[in-house]
Amino acid sequence: MDGQKRIQSALISVFHKDGLEPIIRELNRLNVQLYSTGGTQSFIEGLGVPVTPVEELTTYPSILGGRVKTLHPKVFGGILGRRDLESDVAQLEEYAIPPIDLVIVDLYPFEATVAAGGSEAEIIEKIDIGGISLIRAGAKNHADVVIVPSMNQYAELLRLLKEQDGTTTLTQRRSFAAAAFAVSSHYDGAIYNWFSGAQGDLRLSAGPTTVLRYGENPHQHGAFHGDLAGLFEQLNGKELSYNNLLDLDAAVELIEDLDTIQGIPFAILKHNNACGAAVRDTVKEAWDAALAGDPVSAFGGVLITTARIDKATAEAIDTIFFEIIAAPGYDDDALEVLRKKKNRMILLSKPAARSKVKVRTALNGVLTEDTDAVVPSAASMNTATTKAPSAQEVNDMVFATMLVKHTKSNAIVLAKGNQLLASGTGQTSRVDALEQAIAKAGKFNFDLNGAVMASDAFFPFPDCVEIAHKAGITAVVHPGGSIRDQDSIEYCNAHGMAMCITGTRHFKH
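This structure is a prediction, so every number in the text was calculated from the model and none was measured. One numbering rule holds for all chains: residues counted from 1, following each sequence as written. Where local features are concerned, this predicted model is filtered to residues with pLDDT of at least 70; where side-chain atom pairs are given and counted, the filter is 80 or more; whole-chain, interface and lining totals use all residues. No hydrogens and no water enter the side-chain calculation; it runs on all heavy atoms of the structure.

*Asks:* Before we go on, may I ask you to explain the sheet that holds strand 4 (residues 52-53) in this structure?
*Replies:* Sheet strands pair via backbone hydrogen bonds, and the direction of the pair is either parallel or antiparallel. Any two strands between which DSSP finds at least two bridges are classified as paired. Secondary structure follows DSSP: runs of H or I at least 4 residues long count as helices, runs of E at least 2 residues long count as strands, and numbering of each begins at the N terminus. Within the open sheet, the five strands sit side by side as 4-3-2-5-6. Their pairing is parallel. Two strands in the sheet have a free side with no partner beyond their single neighbour: strand 4 and strand 6 (146-148). In this sheet, strand 3 (residues 33-36) lies alongside strand 2 (residues 9-14) in parallel orientation, the contact comprising four bridges. Within strand 3, the position partnered with Ser-9 by the bridge is Gln-33.

Now the structure itself:
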């Protein structure tokens, strides 16, 4: 039936021992012959379970500081030998090579060592050689061998051992083999990226795959490839959707920039754009100011902050409908308030490294680029006009430039007092974006006198600064670079406006 095989022998060589004990005890119950090395062998012996050292099998000790332990014909012959091929069986008997039916491996933590800032020597030593070879060998011969390539597959193996008494089907072994090659390709991709500095040919392998309810729309399939649990712990609510993840990605990138400003940032996003954002002394004040930016668009939005949510803030937030909130902590009474809606997605943010490369499909290929890692600061606000901006205007221009950096182009952001007043997003004309922002600010009764304007790209003509001036805006910031920059500068000089040029464009498509 479907190529059933019984596990009679197992080679176990893992870095992480978490979750291994119940598997060892189950294999012992099934009278499986165990082989192991080094720390794993000591772990098994500590459980009181019989185990044969690999050195006894190979008659060779572990050498070169542990670099060579399992790389031996008596190990790989036992894994790769084809049980239904007479010549293979004969050679196994000739050289006294015992067949190995199960291989459990957990590779050296290469990526974790890189992320932790390990030295080059430490990182090199975490390039697993024997383990990756065992994984590939076991997967290649999955017709006879079960390969467990990481601790992520421990639970499935344990289930099969208990429910099927050590017997597996070809379909199950093939599934383990697929996971094995996913692990090996990801591991090799991470090593390549470290050696190349993530430059050159694309090597994309983001980690485990989570199938989503659907893609951007219900008729589209969707999946997330990566370790989402490493970034968020979900405390409440339904499963995250494709669109939720896109909004969260935009939210995390924005809040990381805003967190460089003194105070507590809070942002509300819809369709990857901020519709509310503010920095204040308390999380409640930051929420109130962010919501005031556009209380209509906040409906169904994604909320994010870098501060712990207290009960007062939770009660204020609870007055509107929103999809997701992400924060690094929640008071118990705040969680009680927020959990009243069972589908509301409450996420606990975790500090974690994110990709430094953006990837998207285009035409019949793939585009890659570095992330936009330039964080606007007061130092990047270079005065281009006779009138210099005030200290408050500089602060507001930094804040506004952070927002416009994370807004779909063409984009204009209007801000005052570290609060988003309005934005013009995704327009085909910069003038349209500005007029949209001014109209929106008026809709929510914001006074633009003394406000600042930020643009994601240069002003090709002085029309935008003229419109801004007539609306009461006193300072503008843009990247510069137009052959007509001087026209906009001269308009500002003639009308008492301040202008700063950053030299950095922030298109977002």
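Now that the structure has been shown, we can carry on.
*Asks:* Explain the nonpolar core to me, please; I cannot follow it from the model alone.
*Replies:* Burial of nonpolar side chains together is a common tendency in soluble globular proteins. We call a set of buried residues a nonpolar core when its members are Ala, Val, Leu, Ile, Met, Phe, Trp, Tyr or Cys and they connect through side-chain atoms within 4.5 Å of each other. Exposure is judged per residue with a 1.4 Å probe applied to protein chains only, and the accessible area is read against the type maximum: over 50% gives exposed, under 20% gives buried, and values in between give partly exposed. The biggest cluster of nonpolar side chains holds 52 residues, and the ones touching the most others in it are Ile-12, Leu-27, Leu-34, Ile-79, Leu-102 and Ile-104. The element contributing the most residues to this core is helix 10 (residues 170-196), with seven residues. With residues up to four places along the chain from it excluded, the contact list for Ile-104 reads Leu-11, Ile-12, Ser-13, Val-14, Ile-23, Leu-27, Val-148, Tyr-154 and Leu-157. Listed in part, the 43 residues of the second largest apolar core include Leu-240, Ala-274, Val-413 and Ala-454. Contacts were defined at the residue level, with two residues in contact if any of their heavy atoms lie within 4.5 Å.

*Asks:* Sorry if this is basic, but what is going on with the environment of Ala-327 here?
*Replies:* Residue placement: Ala-327 occurs in strand 14 (residues 322-327). Given the relative accessible area of 0%, Ala-327 is considered buried. In this structure the C-alpha to C-alpha distance between Ala-327 and Lys-350, which are 23 residues apart in sequence, comes to 8.7 Å. Residues in contact with Ala-327, not counting those within four places in the same chain, are Thr-305, Ala-307, Ile-309, Leu-347, Leu-348 and Ser-349.

*Asks:* Any chance you could explain the packing of aromatic side chains here in plain terms?
*Replies:* Both the distance between ring centres and the angle between the ring planes are used here to describe each pair of aromatic rings. Centres within 6.5 Å are what make two rings of Phe, Tyr or Trp a pair, Trp counting through its six-membered ring; a difference in plane orientation under 30 degrees is then read as stacked, over 60 as edge-to-face, and the rest as tilted. Evaluation of the coordinates by the stated rule reveals six aromatic pairs. A ring pair is formed by Phe-110 and Trp-194, whose centres lie 6.1 Å apart and whose planes are at 85 degrees; its orientation type is edge-to-face. Taken together, the residues Phe-110 in helix 6 (residues 110-115) and Trp-194 in helix 10 connect sequence positions 84 residues apart. Among the residues examined, Phe-110 registers a relative accessible area of 2% and is labelled buried. Counting every residue linked through ring pairs, the aromatic cluster contains Phe-110, Tyr-187, Trp-194 and Phe-195.

*Asks:* Could you clarify how one ought to interpret the sheet that holds strand 22 (residues 475-478) in this entry?
*Replies:* On the basis of which strands lie adjacent, the open sheet formed by six strands has the order 18-23-22-21-19-20 and mixed pairing. Looking at the sheet topology across the chains shown, the edges are occupied by strand 18 (382-383) and strand 20 (420-424). Relative to strand 22, strand 21 (residues 452-455) runs parallel, the two being bridged by three bridges. Residue pairing for strand 22: Val-452 is matched across the bridge by Ala-475. Along the sheet, helix 15 (residues 391-405) contacts strand 19 (412-415), strand 20, strand 21, strand 22 and strand 23 (498-501); its crossing angle with strand 21, the most-contacted strand, is approximately 35 degrees. Here an axis means a line fitted to C-alpha atoms, over the contact stretch when the element is a helix, while the angle between two N-to-C directions is reported on a 0 to 180 degree scale.

*Asks:* Looking at this model, I keep getting lost on the pairing of strand 19. Mind explaining?
*Replies:* For a regular strand, side-chain orientation follows a simple rule: the groups alternate between the two sheet faces. The two faces of strand 19 match: Ile-412 and Leu-414 on one face and Val-413 and Ala-415 on the other face are all buried. Judged from the four bridges that link them, strand 19 and strand 20 form a sheet pairing that is antiparallel. For Val-413, the partnering residue across the bridge sits in strand 20 and is Ser-423. The hairpin formed by strand 19 and strand 20 contains four residues between the paired strands, and Gly-417 there has a positive phi angle of roughly 60 degrees.

*Asks:* So what exactly am I meant to see when it comes to the packing of helix 17 (residues 463-470) against helix 18 (residues 485-494) here?
*Replies:* Two quantities define a packed helix pair, namely the angle between the helix axes and the distance between the axes. Between helix 17 and helix 18, whose axes approach to 8 Å, the crossing angle comes to 25 degrees. As far as their axial angle goes, helix 18 and helix 17 are roughly parallel. Considering how the two elements wind past one another, helix 17 and helix 18 form a crossing that is right-handed. Touching Val-465, Glu-466 and His-469 of helix 17 are Ser-488, Tyr-491 and Cys-492, all from helix 18. Each residue is assigned to one of three groups, with Ala, Val, Leu, Ile, Met, Phe, Trp, Tyr, Cys and Pro labelled nonpolar, Asp, Glu, Lys and Arg labelled charged, and all others, Gly among them, labelled polar. A class-by-class count of the residues in the contact of helix 17 with helix 18 yields three nonpolar, two polar and one charged. To sort the angles, those under 35 degrees are grouped as roughly parallel, those over 145 as roughly antiparallel, those from 65 to 115 as roughly perpendicular, and the leftovers as oblique. Working rule for handedness: look at the near helix, and if it is turned counterclockwise from the far one by less than a right angle, call the crossing left-handed; if clockwise, right-handed.

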